[in-house]
Amino acid sequence: MKVAFKVNGVQRHVDMAPLARLLDALRGPLGLAGAKEGCGEGECGTCAVLLDGVPVNSCLVPIGQCDGREVVSVEGLGAIGHLSPLQACMAEHGGAQCGICTPGMLIAAEALLRRNSDPTAHDVRTAIAGNLCRCTGYERIVQSILHAAYELRSSDKGAAE
Amino acid sequence: MVDAKKARETREPVVGENVVRVDGAAKVTGGARYVDDIPPMPGELHGATVRSRVPRGILRAIAFDPSFDWSDVTVVTAKDVPDNVVQLIVDDQPVLAAERINHMYEPVVLLACSDKAKLARAYAAVTLDIEPLPAVFDMEESLAAETVIWGEANVQNRYLITKGAADTDESEAAIDVAIAACEVVVRGSYSTHHQEQLYIEPNGMIAWWDEAGAHATGSLQCPFYVHKAFKRCFHLEPEQIHITQAVTGGGFGGKEEYPSLIALHAALLAKKSGRPVRIIYDRVEDIEATTKRHPSRSWIESGCDRDGTLRALKMRVMMDAGAYVTLSPVVLSRGVLHAGGCYRWADVRIEGIGVATNTPPNGAFRGFGAPQTIWAIERHLDAVARQLGLDAGELKVRNMLVEGDTTSTSQTLRGSVGGTECVERAFEASDYLARRRAGPSVLGRKARGLGCAVFMHGGGFTGSGERMLKGKVAVDLLAGGRLEIRSGSTDIGQGTETVFAQIAADAAGIPFEHVSVAVPSTTHVPDSGPTVASRTVMVVGAIVERAAKELAARVEASRRPGETFAAAGDRLLAKEGPQSALVQYEPPAWVNWDDKKYKGDAYPVYAWMCDVAEVEVDLDTFEVKVLNFWSAADVGKAIHPLMCKGQLEGGSLQAIGWALSEEVVWKAGAIVNPRMTNYIIPTALDAPPFETFLVEAPYEHGPSGGAKGIGELPMDGGAPAVAAAVEHATGLIINHLPLTPERLFAAWLNSEAAQ
Ligand code: FES
Ligand code: FES
């Protein structure tokens, strides 16, 4: 099946069986290895991407459902030298140790910050509850995301004034 | 004119600063390449492993479905293995089972194919004919040796530690007398269960052969373990083996010894097929086949004065090694060395026994035997306090080792003993004493309580281990006054690269950005010893510091007045060719360890920690939630305080998971729950907020002003602190992990029945 969809702002095409996983499309023909496979069954969140702005586990999304839609993976958030504030905070405040959960965490956090610019620690924990991390104990991930929210708010305020 | 030397001296030191980790940008952009992110090599095949699926038996035959097209499938069996041993401590584990099957997930046949779907069909077309034999799954059954499954009587190892009265008489008589003479005697038994490391990146490896020899790259902690395993299995010369670490998504011990086996499997398939082969475990296979934390059982009898002064300790620890020895003797050794806890005992007898069972070999997991015995001793001290009518925290403080005291192995603590300060900080932050005195708070069906654990963990290899290991590090001078560190120590998330760069930058007096760390590849780096045992910063970091200093001094010696470090370095390189400093670790001369008597300086130094957990127990469902977790750790010197806290918190949460929700469920040797859906690790909502304090009691031989190893430390205290808090909240005494709602409910029924 031919699928045409936007990936990180760019129109892309793949030709795969309709039940092939979005995760395999990203990591295979699309060459985007940011999303990882930690479990392959919707439990760990390492494969998370935004699908039309909503965080989904790409290991559970058939590519056939992606036609005409818009996907954002961690690669779409920013790049080395142009880190988004969220990415920068994650690196600076101890949110990434081994880093394998980080792409999924960033996607979950990005989705949160897009709808809630002033989250509480509990909001953050709820938003990332589907993303497992075995390294950090989550404390520094939560702090990283709160820092990013604060920075984004400050820069928005700066822009508005 | 700027005085170059001055400029270097006024350069901001980076030790103690939270610099951005060197791999941070790659990890937040998806740019970091873990093994399965490496693009396929030309002609690459996928590999798969056919496993026994019988816990014990004799392999009679392997049948390959004749109707299946095997033409493009590579098949490897034991017959294809040049030397069928996984090189480690004892030669008992085969690379592929040839005849004997000793656990459910024993690898028997390897398959490789370029087409993943066909590989799955090939897997289904292999049938193993195994004649079952009676299997042993229980430690005590194994010790009874009615069915012999390993060696002569199933016992792999024994250790005995004695001190004081017990020194004169190795039987139990002397310690029994010492305990009987005490005013108060307390007895108890304690046990711990399996734990899966559950690094979020499953194990995986890619191997290939070329004219240079055998290559493997993948997710691993110890490249030189894999190197040694290849040397043995393929009878290769050291320079024909090239093992490289890929970015590794967590290890916690789970990628210490097991990757050797996967790498061997991939290399066997690669050799036979003549193509590169990639083996990536899926989660189920990873949980089923790879190593776990050793289950344990401990029996303790102790004597103390009525005022709570501890006197005599008798303890027996049994650990379940699983089907093969792997690293179990070392795990058991660490377990017994930490078994007396951080307390002062005059008379000690600690016995350790490691037995085999027909379960997959248990192996390295953060803490390495110590969390098991510290669970036992901390719960036991809670029992002593209960009997004396004292608060457990006060009892622990009263008996904690201080400088000049001797440990269970008769080691005199020579300094860097920050335990007391840790307790003060954690107790103060949590208001522990007042809240304990106030008793639990019960609101409707929710009861809240507080509990503590106090513990120390040795840094580096045990006793004479480091002396035998001779870990090495090289630092090279690069153009522009830059330094590159070459070491076999791997960054598996804990931040090794960053911390090494900090150590070297300050040692050499150059900017942090001017230090890089080479990819650990056995071809290019010296063997620094394995990345285990809380030794990377403390032991390897110390030689990184020396090597960087030595090299910088060489540049400095040739520096002309007014010349920059970079210019002097470049001139030195031009004049004298490549410059590098290779330094070998030497433990402090006073480290004196008797391996036969298990006596002396077990570790050069210990890191300390005090945890206080606050829990809420739902009295209807018996679910336990950890509401708060305060801890203070004596780390010697925090080179990167933020990452240091991150290590402590991550380790504490693993301990909390072990205590409350993580349980490997077995049925006749098979794991019933090999999935993330039913092997439950804590999520962000299950995790408490962590408040972590760093205490610095410098270790004189530690790098950068006295850093100590802390990687394993936090794994030791979470479980007993949580159990003590549950006891405070509910009165329920649980001495056997895990504290699942079912267990608590059973304990509650018992206590109700008792009333
Ligand atoms: S890989 Fe998709 S949720 Fe784990
Ligand atoms: S940083 Fe390793 S799993 Fe989260």
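Residues numbered from 1 in each chain as written. Chains lettered and ligands numbered in written order. Predicted model: local features only at pLDDT ≥ 70, side-chain atom pairs only at ≥ 80, totals over all residues. Heavy atoms only, no water.

Moving on, we come to the environment of B:Val473. All names here are of chain B. Tracing the backbone through its elements, the reader meets Val473 in strand 18 (residues 472–478). The buried category is assigned to Val473, whose relative accessible area is 0%. Measuring from C-alpha to C-alpha, the distance between Val473 and Ala581 comes to 8.1 Å, with 108 residues separating the pair along the chain. Apart from residues lying up to four places away in sequence, Val473 is in contact with Arg486, Ser487, Pro526, Ser528, Val540, Ile543, Val544, Ala547, Ala581, Leu582 and Val583. (Helix = DSSP H or I, 4+ residues; strand = E, 2+ residues; numbered from the N terminus. Buried < 20%, exposed > 50% of the residue type's maximum accessible area, 1.4 Å probe, protein only. Contact = heavy atoms within 4.5 Å.)

This brings us to the confidence of the model for chain B. Low-confidence regions, as indicated by low pLDDT, have predicted coordinates that should not be scrutinised in detail. Residue and element names in this part refer to chain B. Across chain B, pLDDT averages 96, with 98% of residues at or above 70. Overall, residues 1–7 carries pLDDT values under 50, and its contacts beyond four positions in sequence, including any with other chains, amount to 8 contacts. Scoring the predicted complex yields pTM 0.97 and, for the interface, ipTM 0.98. (pLDDT = per-residue confidence, 0-100.)

On to helix 10 (residues 370–388) of chain B, then. All names here are of chain B. With 19 residues, helix 10 extends 26 Å between its outermost C-alpha atoms, agreeing within 8% with the 27 Å of an ideal straight helix rising 1.5 Å per residue. Among the 19 residues in helix 10, 17 count as buried, and that is most of the element. One or two residues past the end of helix 10 sits Gly389, with phi positive at roughly 75 degrees. (Expected span 1.5 Å × (residues − 1).)

Turning next to the domain arrangement of chain A. Residues and elements named next belong to chain A. Split into domains, chain A comes out as domain 1 (2–76) and domain 2 (85–160). On a C-alpha basis, the centroid separation for the pair domain 1 and domain 2 is 22 Å. Across the interface of domain 1 and domain 2, roughly 1000 Å² is buried in total on both sides, 68% from carbon and sulfur atoms. Where domain 1 touches domain 2, the interface holds 0 salt bridges. Our enumeration of links across domain 1 and domain 2 arrives at 2 residue pairs in polar contact (both at pLDDT 80 or more). (Domains from an automatic or database assignment. Buried area = accessible area lost by both parts, 1.4 Å probe. Salt bridge = Lys/Arg side-chain N within 4 Å of Asp/Glu carboxyl O. Polar contact = N/O pair within 3.5 Å; in protein donor to acceptor, adjacent residues only side chain to side chain.)

This part covers the packing of helix 6 (residues 223–234) of chain B against helix 7 (residues 258–273) of chain B. Packed helices, taken two at a time, are described by their axes: the angle between them and the distance between them. All names here are of chain B. Across the interface, helix 6 lies against helix 7 with an axial gap of 9 Å and an inter-helix angle of 45 degrees. Comparing the axis directions of helix 6 and helix 7 gives the class oblique. The hand of the helix 6/helix 7 crossing is right-handed. From helix 6, Tyr225, Val226, Ala229, Phe230, Cys233 and Phe234 reach across to helix 7, where they touch Pro259, Ser260, Ala263, Leu264, Ala267, Leu268 and Lys271. Per-class residue counts for the contact of helix 6 with helix 7 are 11 nonpolar, 1 polar and 1 charged. (Axes fitted to C-alpha atoms, helices over the stretch in contact; angles between N-to-C directions. Parallel < 35°, antiparallel > 145°, perpendicular 65-115°, else oblique. Left-handed = near helix turned anticlockwise from the far one by under 90°. Nonpolar A, V, L, I, M, F, W, Y, C, P; charged D, E, K, R; others polar.)

The next subject is the domain arrangement of chain B. Residues and elements named next belong to chain B. By the assigned domains, chain B splits into domain 1 (4–32 + 471–584), domain 2 (45–134 + 197–289) and domain 3 (403–460 + 603–755). For domain 1 versus domain 3, the distance between C-alpha centres works out to 35 Å. Between domain 1 and domain 3, the contact holds 22 residues from the first and 25 residues from the second. Taken over both partners, the interface formed by domain 1 and domain 3 buries close to 1600 Å², and the fraction arising from carbon and sulfur atoms is 64%. The largest contributions to the domain 1 side of the interface with domain 3 come from Asn18, Ser534 and Met538, which together make up 39% of the buried area.

All names here are of chain B. Strand order across the open sheet formed by 3 strands is 4-2-6, with antiparallel pairing between neighbours. Here the strands that pair on one side only, and so sit at the sheet edges, are strand 4 (100–101) and strand 6 (126–132). Bridge count for strand 2 (residues 57–64) against strand 6 is 7 bridges, and the pairing is antiparallel. Its bridge partner being in strand 6, Phe64 is matched across the sheet by Val126. (Pairing = 2+ DSSP bridges.)

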